[in-house]
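Structural overview for review
These are the residues of each chain, in order.
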Amino acid sequence: MSSPADFYNSLPPVSKSFGTLCVLTTLGYQLGVMKAEWLLLDFALVASKFQIWRLLTNFIFLGPFSMQFGVRILMIAKYGVQLEKGPFDKRTADFVWMFIVSMVALLAMALALPTIRFYVGHALVFMLLYVWSREFANARVSLMGLVTLQGFWLPWALLAVNTMFGHPFLVDLLGIVVGHIYYFLTVLHPQATGHNYLKTPRWVHQLVAQWPRPQAPSTQTTVSPGARTAFSGRSYRLNQ
(Lines give C-alpha, C1' and ligand atoms only; values in the text may rest on other atoms or scores of the structure.)
Protein backbone atom coordinates (compact mmCIF):
# COMPACT_ATOMS: atom_id res chain seq x y z
CA MET A 1 0.00 0.00 0.00
CA SER A 2 1.31 3.46 -0.86
CA SER A 3 2.22 5.92 1.86
CA PRO A 4 0.03 8.91 2.78
CA ALA A 5 2.53 11.15 0.99
CA ASP A 6 2.21 9.07 -2.19
CA PHE A 7 -1.56 9.25 -1.96
CA TYR A 8 -1.48 13.02 -1.44
CA ASN A 9 0.91 13.54 -4.35
CA SER A 10 -1.31 11.44 -6.61
CA LEU A 11 -4.33 13.69 -6.09
CA PRO A 12 -5.32 15.95 -8.99
CA PRO A 13 -4.12 19.54 -8.60
CA VAL A 14 -7.32 21.56 -8.23
CA SER A 15 -9.11 19.38 -5.69
CA LYS A 16 -5.84 18.90 -3.79
CA SER A 17 -5.20 22.64 -3.66
CA PHE A 18 -8.75 23.46 -2.60
CA GLY A 19 -8.80 20.86 0.17
CA THR A 20 -5.31 21.75 1.37
CA LEU A 21 -6.12 25.46 1.59
CA CYS A 22 -9.27 24.68 3.57
CA VAL A 23 -7.36 22.52 6.05
CA LEU A 24 -4.50 25.02 6.43
CA THR A 25 -6.90 27.93 6.92
CA THR A 26 -8.82 26.12 9.65
CA LEU A 27 -5.54 25.00 11.25
CA GLY A 28 -4.38 28.62 11.33
CA TYR A 29 -7.67 29.60 12.93
CA GLN A 30 -7.45 26.86 15.56
CA LEU A 31 -3.86 27.82 16.43
CA GLY A 32 -4.82 31.46 16.82
CA VAL A 33 -2.68 32.60 13.89
CA MET A 34 -5.69 34.16 12.20
CA LYS A 35 -9.18 35.18 13.23
CA ALA A 36 -12.40 34.20 11.53
CA GLU A 37 -13.40 37.83 11.09
CA TRP A 38 -10.29 38.35 8.95
CA LEU A 39 -11.41 35.66 6.50
CA LEU A 40 -15.15 35.83 6.20
CA LEU A 41 -17.02 37.74 3.55
CA ASP A 42 -18.03 41.28 4.43
CA PHE A 43 -18.84 43.49 1.45
CA ALA A 44 -18.85 46.62 3.61
CA LEU A 45 -15.19 46.06 4.54
CA VAL A 46 -14.33 45.12 0.96
CA ALA A 47 -15.78 48.41 -0.27
CA SER A 48 -14.74 50.77 2.54
CA LYS A 49 -11.34 49.37 3.55
CA PHE A 50 -10.39 47.55 0.32
CA GLN A 51 -10.06 44.20 2.08
CA ILE A 52 -10.27 42.45 -1.26
CA TRP A 53 -8.85 39.19 0.06
CA ARG A 54 -12.21 38.47 1.68
CA LEU A 55 -13.64 37.75 -1.76
CA LEU A 56 -11.39 34.67 -1.86
CA THR A 57 -10.69 33.66 1.73
CA ASN A 58 -14.36 33.09 2.53
CA PHE A 59 -14.29 30.15 0.12
CA ILE A 60 -11.47 28.34 1.94
CA PHE A 61 -12.67 28.80 5.52
CA LEU A 62 -15.15 26.06 6.40
CA GLY A 63 -15.29 26.80 10.10
CA PRO A 64 -13.40 25.25 13.04
CA PHE A 65 -12.42 21.60 13.22
CA SER A 66 -15.65 19.69 13.72
CA MET A 67 -17.65 16.83 12.28
CA GLN A 68 -19.22 19.21 9.76
CA PHE A 69 -15.76 20.41 8.70
CA GLY A 70 -14.59 16.81 8.31
CA VAL A 71 -17.58 15.93 6.15
CA ARG A 72 -16.91 18.90 3.87
CA ILE A 73 -13.24 17.91 3.45
CA LEU A 74 -14.25 14.33 2.68
CA MET A 75 -16.69 15.63 0.05
CA ILE A 76 -13.85 17.51 -1.64
CA ALA A 77 -11.53 14.50 -1.38
CA LYS A 78 -14.07 12.08 -2.82
CA TYR A 79 -16.41 13.91 -5.17
CA GLY A 80 -14.03 16.64 -6.29
CA VAL A 81 -11.28 14.10 -6.99
CA GLN A 82 -13.66 11.77 -8.85
CA LEU A 83 -14.79 14.67 -11.04
CA GLU A 84 -11.24 15.80 -11.75
CA LYS A 85 -10.03 12.28 -12.51
CA GLY A 86 -13.17 11.31 -14.44
CA PRO A 87 -15.20 13.75 -16.58
CA PHE A 88 -12.57 16.49 -16.22
CA ASP A 89 -9.55 14.26 -16.81
CA LYS A 90 -7.05 16.15 -19.01
CA ARG A 91 -9.42 19.12 -18.82
CA THR A 92 -7.98 20.94 -15.83
CA ALA A 93 -8.68 24.36 -17.36
CA ASP A 94 -12.38 23.51 -17.60
CA PHE A 95 -12.37 22.39 -13.96
CA VAL A 96 -10.71 25.64 -12.88
CA TRP A 97 -13.22 27.61 -14.95
CA MET A 98 -16.07 25.80 -13.20
CA PHE A 99 -14.66 27.00 -9.87
CA ILE A 100 -14.26 30.57 -11.10
CA VAL A 101 -17.79 30.78 -12.54
CA SER A 102 -19.29 29.23 -9.41
CA MET A 103 -17.39 31.56 -7.07
CA VAL A 104 -18.51 34.64 -9.00
CA ALA A 105 -22.12 33.40 -8.98
CA LEU A 106 -22.03 32.70 -5.24
CA LEU A 107 -20.54 36.12 -4.50
CA ALA A 108 -23.35 37.73 -6.48
CA MET A 109 -25.93 35.72 -4.52
CA ALA A 110 -24.25 36.59 -1.23
CA LEU A 111 -24.45 40.26 -2.15
CA ALA A 112 -28.17 39.91 -2.82
CA LEU A 113 -28.80 37.75 0.27
CA PRO A 114 -26.79 39.19 3.21
CA THR A 115 -27.78 36.34 5.55
CA ILE A 116 -25.52 33.87 3.73
CA ARG A 117 -22.46 35.99 3.13
CA PHE A 118 -20.36 34.33 5.81
CA TYR A 119 -20.95 30.75 4.63
CA VAL A 120 -20.24 30.84 0.91
CA GLY A 121 -17.45 28.25 1.17
CA HIS A 122 -19.93 25.56 2.20
CA ALA A 123 -22.03 26.34 -0.87
CA LEU A 124 -18.98 25.89 -3.11
CA VAL A 125 -18.47 22.38 -1.74
CA PHE A 126 -22.12 21.59 -2.41
CA MET A 127 -21.70 22.87 -5.98
CA LEU A 128 -19.02 20.20 -6.45
CA LEU A 129 -21.31 17.56 -5.01
CA TYR A 130 -24.17 18.51 -7.34
CA VAL A 131 -22.02 18.42 -10.48
CA TRP A 132 -20.71 15.03 -9.35
CA SER A 133 -24.29 13.80 -8.90
CA ARG A 134 -25.09 14.66 -12.51
CA GLU A 135 -21.94 13.08 -13.90
CA PHE A 136 -22.28 9.90 -11.82
CA ALA A 137 -26.05 9.82 -11.61
CA ASN A 138 -26.39 6.02 -11.39
CA ALA A 139 -23.52 5.43 -8.97
CA ARG A 140 -24.68 3.62 -5.83
CA VAL A 141 -23.76 5.53 -2.68
CA SER A 142 -24.39 4.85 0.99
CA LEU A 143 -25.80 7.62 3.14
CA MET A 144 -24.42 7.32 6.67
CA GLY A 145 -24.44 3.55 6.29
CA LEU A 146 -28.23 3.53 6.63
CA VAL A 147 -29.58 3.74 3.11
CA THR A 148 -28.22 3.23 -0.40
CA LEU A 149 -29.34 5.57 -3.13
CA GLN A 150 -28.42 6.74 -6.61
CA GLY A 151 -25.79 9.43 -6.90
CA PHE A 152 -28.34 11.72 -8.55
CA TRP A 153 -30.21 12.05 -5.25
CA LEU A 154 -27.19 12.46 -2.96
CA PRO A 155 -27.15 16.31 -2.82
CA TRP A 156 -30.82 16.40 -1.88
CA ALA A 157 -30.41 13.69 0.75
CA LEU A 158 -27.44 15.48 2.33
CA LEU A 159 -29.35 18.76 2.17
CA ALA A 160 -32.13 17.17 4.19
CA VAL A 161 -29.71 15.62 6.69
CA ASN A 162 -27.76 18.86 7.16
CA THR A 163 -30.98 20.78 7.70
CA MET A 164 -32.09 18.32 10.38
CA PHE A 165 -28.76 18.84 12.16
CA GLY A 166 -29.18 22.62 12.13
CA HIS A 167 -26.98 23.66 9.23
CA PRO A 168 -28.42 26.67 7.32
CA PHE A 169 -30.69 25.30 4.60
CA LEU A 170 -30.15 28.18 2.17
CA VAL A 171 -26.37 27.81 2.04
CA ASP A 172 -26.33 24.27 0.67
CA LEU A 173 -29.30 24.97 -1.57
CA LEU A 174 -27.46 27.83 -3.26
CA GLY A 175 -24.59 25.45 -3.98
CA ILE A 176 -27.04 23.11 -5.70
CA VAL A 177 -28.53 26.01 -7.68
CA VAL A 178 -25.13 27.20 -8.87
CA GLY A 179 -24.09 23.65 -9.74
CA HIS A 180 -27.25 23.17 -11.79
CA ILE A 181 -26.78 26.46 -13.64
CA TYR A 182 -23.22 25.49 -14.52
CA TYR A 183 -24.19 21.97 -15.61
CA PHE A 184 -27.12 23.23 -17.67
CA LEU A 185 -25.09 25.89 -19.49
CA THR A 186 -22.04 23.69 -20.17
CA VAL A 187 -23.59 20.27 -20.77
CA LEU A 188 -27.37 20.12 -21.20
CA HIS A 189 -27.83 23.28 -23.26
CA PRO A 190 -24.87 22.59 -25.58
CA GLN A 191 -26.14 19.06 -26.17
CA ALA A 192 -29.54 20.42 -27.16
CA THR A 193 -28.48 23.47 -29.18
CA GLY A 194 -24.76 23.23 -29.93
CA HIS A 195 -24.12 26.57 -28.19
CA ASN A 196 -21.91 26.85 -25.12
CA TYR A 197 -22.20 30.19 -23.33
CA LEU A 198 -19.64 29.30 -20.65
CA LYS A 199 -16.80 28.10 -22.83
CA THR A 200 -13.53 28.17 -20.94
CA PRO A 201 -11.63 31.31 -22.04
CA ARG A 202 -8.17 31.13 -23.54
CA TRP A 203 -6.52 32.88 -20.59
CA VAL A 204 -7.57 30.06 -18.25
CA HIS A 205 -6.02 27.49 -20.59
CA GLN A 206 -2.83 29.57 -20.72
CA LEU A 207 -2.76 29.88 -16.93
CA VAL A 208 -3.18 26.15 -16.37
CA ALA A 209 -0.54 25.38 -19.01
CA GLN A 210 2.04 27.07 -16.75
CA TRP A 211 1.35 24.72 -13.83
CA PRO A 212 3.86 21.96 -13.02
CA ARG A 213 2.85 18.48 -14.08
CA PRO A 214 1.56 16.16 -11.31
CA GLN A 215 3.95 13.50 -10.06
CA ALA A 216 1.50 10.69 -10.70
CA PRO A 217 -0.78 10.33 -13.71
CA SER A 218 -4.49 10.59 -13.09
CA THR A 219 -6.62 7.51 -13.56
CA GLN A 220 -10.24 7.12 -14.46
CA THR A 221 -12.55 6.55 -11.53
CA THR A 222 -14.28 3.18 -11.56
CA VAL A 223 -18.02 3.30 -10.99
CA SER A 224 -20.79 0.81 -11.45
CA PRO A 225 -21.77 -0.03 -15.05
CA GLY A 226 -24.01 2.61 -16.52
CA ALA A 227 -23.27 4.98 -13.68
CA ARG A 228 -23.31 8.01 -15.92
CA THR A 229 -26.13 7.16 -18.28
CA ALA A 230 -29.19 8.25 -16.33
CA PHE A 231 -30.73 11.70 -16.00
CA SER A 232 -29.23 13.18 -19.17
CA GLY A 233 -25.61 12.32 -18.41
CA ARG A 234 -22.79 13.86 -20.37
CA SER A 235 -22.04 12.58 -23.84
CA TYR A 236 -19.79 15.43 -24.94
CA ARG A 237 -18.76 18.87 -23.85
CA LEU A 238 -17.96 21.90 -25.97
CA ASN A 239 -15.50 23.54 -23.59
CA GLN A 240 -12.52 22.27 -25.51
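Small disclaimer: the values here were computed from a predicted structure and weren't measured.

With that settled, consider the overall build of the chain. Secondary structure summary: the chain contains 11 helices and two strands in total. The order of α-helices and β-strands along the chain, N terminus first, is α-α-α-α-α-α-α-α-β-β-α-α-α. With 240 residues in all, the chain has 49% of them scored as buried. The long-range fraction of contacts in the chain, counting pairs at least 24 apart against all pairs at least 6 apart in sequence, stands at 71%. Of the accessible surface of the chain, which amounts to about 12,400 Å², a share of 68% is contributed by carbon and sulfur atoms.

With that settled, consider the UniProt feature "transmembrane region" (unreviewed entry) in the chain. With numbering aligned to this structure, UniProt lists the feature "transmembrane region" (unreviewed entry) at residues 52-75, 95-120, 141-159 and 165-185. In residues 52-75, the share of helix is 54% and the share of strand is 0%. The end C-alpha atoms are 28 Å apart. Secondary structure within residues 141-159 divides into 32% helix and 37% strand; the distance between the first and last C-alpha atoms comes to 15 Å.

Attention now goes to the nonpolar core. In this structure, Phe18, Met98 and Trp132 are the most contacted members of the largest nonpolar core, which totals 56 residues. Elements supplying a minimum of two residues to this core: helix 2 (13-30), helix 6 (67-85), helix 7 (92-112), helix 8 (120-135), strand 1 (140-143), helix 9 (154-164), helix 10 (169-193) and helix 11 (202-209). At 12 residues, helix 7 tops the list of elements feeding residues into this core. With residues near it in sequence (within four places) discarded, Phe18 still touches Phe59, Ile60, Ile76, Phe99, Leu124, Val125 and Leu128.

Our next topic: the pattern of salt bridges. Scanning the model with the defined rule gives three salt bridges in all. Arg72 serves as the salt-bridge partner of Asp172, at 3.0 Å between the closest nitrogen and oxygen. Linking Asp172 in helix 10 with Arg72 in helix 6, this pair joins segments that are 100 residues apart in sequence. You can call Asp172 buried: its relative accessible area is 1%. Ionic pairing is found between Arg91 and Asp94, a salt bridge with its closest N-O pair at 2.9 Å. Taken as a pair, Arg91 and Asp94 share a single burial class, namely buried.

A rise of 1.5 Å per residue sets the reference length of helix 6, with its 19 residues, at 27 Å; its end C-alpha atoms lie 26 Å apart and thus fit the reference within 8%. When helix 6 is considered as a whole, its buried residues turn out to be Phe69, Arg72, Ile73, Met75, Ile76, Tyr79, Gly80, Val81, Gln82, Leu83, Glu84 and Lys85.

This part takes up the environment of Val187. With respect to the helices and strands, Val187 occurs in helix 10. Its relative accessible area of 0% is what places Val187 among the buried residues. Sequence separation of Val187 and Leu198 is 11 residues, and the distance between their C-alpha atoms is 9.9 Å.

Now for a nonpolar patch on the surface. Judged by side-chain polarity, Val23, Leu24, Leu27, Leu31, Val33 and Phe65 come together as a nonpolar surface patch covering roughly 540 Å² of accessible area. Examined against the element boundaries, Leu27 turns out to sit in helix 2. The exposure class assigned to Leu27 is partly exposed, which follows from its relative accessible area of 35%.

With that settled, consider the environment of Arg202. Take Arg202: it is sitting in helix 11. Counting along the chain gives 109 residues from Arg202 to Ala93, while the straight-line C-alpha distance between them is 9.2 Å.

What follows covers the packing of helix 2 against helix 6. Geometrically, a packed helix pair is captured by the angle between its two axes and the distance between the axes. Packing of helix 2 against helix 6 leaves a shortest axis separation of 8 Å and a crossing angle of 165°. As judged from the angle between their axes, helix 2 and helix 6 are roughly antiparallel. Two packed elements cross with a definite hand, and for helix 2 against helix 6 that hand is left-handed. From helix 2, Pro13, Val14, Ser15, Phe18, Gly19, Cys22, Val23 and Thr26 reach across to helix 6, where they touch Phe69, Ile73, Ile76, Gly80, Val81 and Glu84. Each residue belonging to the contact of helix 2 with helix 6 can be placed in one class, and the counts come to nine nonpolar, four polar and one charged.

Right, let's talk about the pairing of strand 1 for a bit. Regular strands place side chains that alternate from one sheet face to the opposite one. Along strand 1, the buried face is formed by Val141 and Leu143; none of Arg140 and Ser142, which line the opposite face, is buried. The sheet contact formed by strand 1 and strand 2 (residues 147-150) spans four bridges and is antiparallel. Looking at strand 2, one finds that Leu143 is bridged to Val147. Joining the antiparallel neighbours strand 1 and strand 2 is a turn of three residues, in which Met144 adopts a positive phi near 60°.

What counts and how
- Residues numbered from 1 in each chain as written.
- Predicted model: local features only at pLDDT ≥ 70, side-chain atom pairs only at ≥ 80, totals over all residues.
- Heavy atoms only, no water.
- Helix = DSSP H or I, 4+ residues; strand = E, 2+ residues; numbered from the N terminus.
- Buried < 20%, exposed > 50% of the residue type's maximum accessible area, 1.4 Å probe, protein only.
- Contact = heavy atoms within 4.5 Å.
- Areas by Shrake-Rupley, 256 points an atom, 1.4 Å probe, with all protein chains shown as cover.
- UniProt positions renumbered as here; feature names shortened; annotations may be inferred.
- Core = buried A, V, L, I, M, F, W, Y, C linked by side-chain atoms within 4.5 Å.
- Salt bridge = Lys/Arg side-chain N within 4 Å of Asp/Glu carboxyl O.
- Expected span 1.5 Å × (residues − 1).
- Patch = residues over 30% accessible without salt bridge, like charges linked within 9 Å, V, L, I, M, F, W, Y side chains within 5 Å.
- Axes fitted to C-alpha atoms, helices over the stretch in contact; angles between N-to-C directions.
- Parallel < 35°, antiparallel > 145°, perpendicular 65-115°, else oblique.
- Left-handed = near helix turned anticlockwise from the far one by under 90°.
- Nonpolar A, V, L, I, M, F, W, Y, C, P; charged D, E, K, R; others polar.
- Pairing = 2+ DSSP bridges.

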